[in-house]
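Inside the fold
One-letter residues, chain by chain:
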Amino acid sequence: MAYENILKCEQRKNRMITLTGKKVSEGIAIGKLTFYKRNINEVKRIYVKEIEKEVSRFQKAKEKAISELKQLYATASEEVGEVNAAIFEMQQMIVEDRDFTDKIIKIIVEQKLNAEFAIQSVAEEFIKGTYEKAYIQGHEIDVKDVAIRLVRILSRNWKDRMLTDEPFVMAAPELYPSEAIQLDKTKVRGFVTRYGTINSHTAVIARTKGIPSVIGLGDALKQEYEGKTIIVDGFEGKVYIEPDYTTLTRMKQKQDENQVKVMNLERLKGKENITQSGQKIDISANIVTREDIEKVLRSDAGGIGLFRSEFLYMENGKRLPTEEQQFATYKLAAEAMGNKRV
């Protein structure tokens, strides 16, 4: 009833706004909208006198980043499974990449520039594809995530801020994988972003954690909506700002129906697949990406009935996936399923 009372007061002054984006994680989330505040300063180009000291600063930041990513991997393995946690192993590979670190150090030494600027410059070159790295293809967002982590460590900005202790719906221009994995489901009911893709690591983590999400809202997601009541419809890819009473009632009913459905399906896990007539059947899953493998395991499917391998090409942008990339994905699926059919 609290939402109804809030809405009746607000509707005297405002009209409902409907936004349409891309659905990435099903479910209904209702709450107050809070924008994510990244506590990081703008990276500036600064000339440095003590070159060796600056290189040392970067090396220490690198070691700290590796340590943090190892901890993130351990946390993610418990929460979303080892398949999805591999994101952070890949980010660690970026931090440890010889070309990546050598080019950063080269900028510091030869151009006498600060480590923060060098990191950002090299990351931008990697994202543009200037340096061919097979494992980075299609994962440019992870390069950006790594660069932000290194700059944060160097600037000693450890925390991001949420200006509320109450449950809320989170908004951001874009959410990085390392941020998504740390979302507290007891606080974050759902999230919406201006940018992002449905096959990104952030989207995969949202689905695995069961956080209703809609991305790709563009500039229609305005800062002025901060603090307003919002409904995230992860089934339809719709977002309602200051919803009217009819919409709120309909969405709450949809939310309740989904919760009942999820509870009923959870009860079937671990049980044999037998029809009422006594016929045993095999229920396997269709998957699209390597990230779906974890969902197969969590859902207790009998195996993988169809691996839609064309999506390996579609999600790779303009680049074709290499033979090594494809082999690694199929190998992961086969090993994860054990004796189950793929």
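The preceding data block contains the structure.
What counts and what doesn't
Residues numbered from 1 in each chain as written. Predicted model: local features only at pLDDT ≥ 70, side-chain atom pairs only at ≥ 80, totals over all residues. Heavy atoms only, no water. Pairing = 2+ DSSP bridges. Helix = DSSP H or I, 4+ residues; strand = E, 2+ residues; numbered from the N terminus. Axes fitted to C-alpha atoms, helices over the stretch in contact; angles between N-to-C directions. Contact = heavy atoms within 4.5 Å. Salt bridge = Lys/Arg side-chain N within 4 Å of Asp/Glu carboxyl O. Buried < 20%, exposed > 50% of the residue type's maximum accessible area, 1.4 Å probe, protein only. Phe/Tyr/Trp six-rings, centres within 6.5 Å; stacked < 30°, edge-to-face > 60°.

**Things to note about the sheet that holds strand β6 (residues 213–215)**
- Taken in spatial order, the eight strands of this open sheet run β1-β8-β7-β3-β4-β5-β6-β2, and their pairing is mixed. Looking at strand neighbours, the two that pair on one side only are β1 (17–20) and β2 (22–25), the edges of this open sheet. When strand polarity is set aside, the average angle formed by the axes of neighbouring strands in this sheet is 30 degrees.
- Two elements, strand β5 (residues 188–193) and β6, share two bridges in a ladder whose sense is parallel. Looking at β6, one finds that Val192 is bridged to Val214.
- Across the sheet, helix α8 (residues 245–266) lies against β3 (28–35), β7 (229–233) and β8 (238–241), angled at about 115 degrees from β3, the strand it touches most.

**Regarding the pattern of salt bridges**
- Scanning the model with the defined rule gives 16 salt bridges in all.
- In this structure, Arg57 and Glu54 form a salt bridge, with 2.6 Å as the shortest nitrogen-oxygen distance. Here Glu54 and Arg57 lie together in helix α2 (residues 51–96), a separation of three residues that amounts to about one turn.
- Its relative accessible area of 27% is what places Arg57 among the partly exposed residues.
- Linking Lys254 and Asp233 is a salt bridge whose minimum nitrogen-to-oxygen distance equals 3.0 Å.

**Side note on the packing of aromatic side chains**
- By the definition in use, this model includes two aromatic pairs.
- Ring geometry for Phe100 and Phe126: centres 5.3 Å apart, planes at 90 degrees, overall edge-to-face. Of this pair, Phe100 sits in helix α3 (residues 98–111) while Phe126 sits in helix α4 (residues 115–128), and the two are 26 residues apart along the sequence.
- Seen in terms of ring centroids, Phe307 and Tyr330 are 5.5 Å apart; in terms of plane orientation they differ by 80 degrees. Their pairing is edge-to-face. In this pair, Phe307 is assigned in strand β10 (residues 304–307) and Tyr330 in helix α11 (residues 323–337), connecting sequence segments 23 residues apart.
- You can call Tyr330 partly exposed: its relative accessible area is 33%.

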